[in-house]
Amino acid sequence: MKGALGFRRTALAGAVLATALGGGAFLVACGAGGQDGGGAVSGGAARISVADSYIPMPPAGGMAAGYLTVRNEGGEGDELVKVSSPGASSVTMHRSTASSMEQVEKLDVPAHGALQLARGGTHLMIMGWQKAPVLGDELELDLTFTRTGTISVKVPVKELTYRPGQQ
């Protein structure tokens, strides 16, 4: 009888401990991440990755456009505030409209979302190449974000007609 009572107390203590730890984990997951100005619970810091990057082959090594997708799997938004390259003298961010192209100072990367730089829309302009690019070359781009800091990516030079997912 004494053995069964000891087992019950141990099982009860384990159940209480599991409930307390589970509730604490829930509070940490839902409360400690903070809230944004709209009152929604965030899911943690920005987690940035880059995919589908390419540069269409520029004519005679001149000015080129750069395209890529910046993904943010984190619960906080971020902003792309600067792009530079050791292989080019200037990399600027632009937004195209139906009738013009304008330089922008920053681009939003939403929480649990993506910033897509694509033909006909937001893109990079790359000028002053250190050496004339050829197909297959890779240009290093250093992307600087408000929260994440700077990450480097290698962007391949593709055919002028290249379209990701259509090759």
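Everything quoted here is computed from the prediction, not taken from an experiment.

Colleague: Got a minute to help me understand the pairing of strand β3 (residues 78–84) in this structure?
Modeller: The two faces of a sheet get side chains in turn, since along a regular strand they alternate between them. Both β3 and strand β6 (residues 107–109) contribute to a ladder of three bridges, which runs antiparallel. Pairing of aspartate 78 across the sheet is with valine 109, part of β6. Bridge count for β3 against strand β9 (residues 138–145) is four bridges, and the pairing is antiparallel. Residue pairing in the sheet places leucine 80 in a bridge with phenylalanine 145 of β9.

Colleague: So what exactly am I meant to see when it comes to the pattern of salt bridges here?
Modeller: When the charged atoms of two side chains with opposite charge come close together, those side chains can pair. Taken as a whole and assessed by the stated rule, the structure comprises five salt bridges. One salt bridge in this structure joins arginine 147 and glutamate 76, with 3.3 Å as the shortest N-O distance. Residue arginine 147 is found in the loop between β9 and β10 (149–158), and its partner glutamate 76 is found in the loop between β2 (64–72) and β3; the two are separated by 71 residues along the sequence. For arginine 147, a relative accessible area of 55% gives the class exposed. Here lysine 131 ties to aspartate 137 by a salt bridge, and the two come within 3.0 Å at their closest N and O atoms. For lysine 131, a relative accessible area of 52% puts it in the exposed group.

Colleague: I keep staring at unusual backbone geometry and nothing clicks. Help me out?
Modeller: Look at aspartate 52: it is not a glycine, yet its phi comes out positive at around 55°. In the Ramachandran plot, histidine 112 falls in the positive-phi region, its phi being about 50° despite a non-glycine side chain. Looking at the secondary structure, you find histidine 112 in the loop between β6 and β7 (113–117). For histidine 112, a relative accessible area of 58% puts it in the exposed group.

Colleague: Before we go on, may I ask you to explain the nonpolar core in this structure?
Modeller: In a soluble, globular protein the nonpolar side chains are often hidden away together inside. Leu80, Val83, Leu124 and Leu141 are the most contacted members of the largest nonpolar core, which has 26 residues in total. Top element by residues in this core is β9. It accounts for four residues. In this view, valine 83 contacts Val91, Met93, Leu124, Leu141, Asp142 and Leu143; residues no more than four positions away in its chain are not counted. Ala65, Tyr67, Met125 and Tyr162 belong to the second largest nonpolar core, which has five residues in total.

The rules behind these values
- Residues numbered from 1 in each chain as written.
- Predicted model: local features only at pLDDT ≥ 70, side-chain atom pairs only at ≥ 80, totals over all residues.
- Heavy atoms only, no water.
- Pairing = 2+ DSSP bridges.
- Helix = DSSP H or I, 4+ residues; strand = E, 2+ residues; numbered from the N terminus.
- Salt bridge = Lys/Arg side-chain N within 4 Å of Asp/Glu carboxyl O.
- Buried < 20%, exposed > 50% of the residue type's maximum accessible area, 1.4 Å probe, protein only.
- Core = buried A, V, L, I, M, F, W, Y, C linked by side-chain atoms within 4.5 Å.
- Contact = heavy atoms within 4.5 Å.

Any functional reading would require information that these geometric values do not contain.
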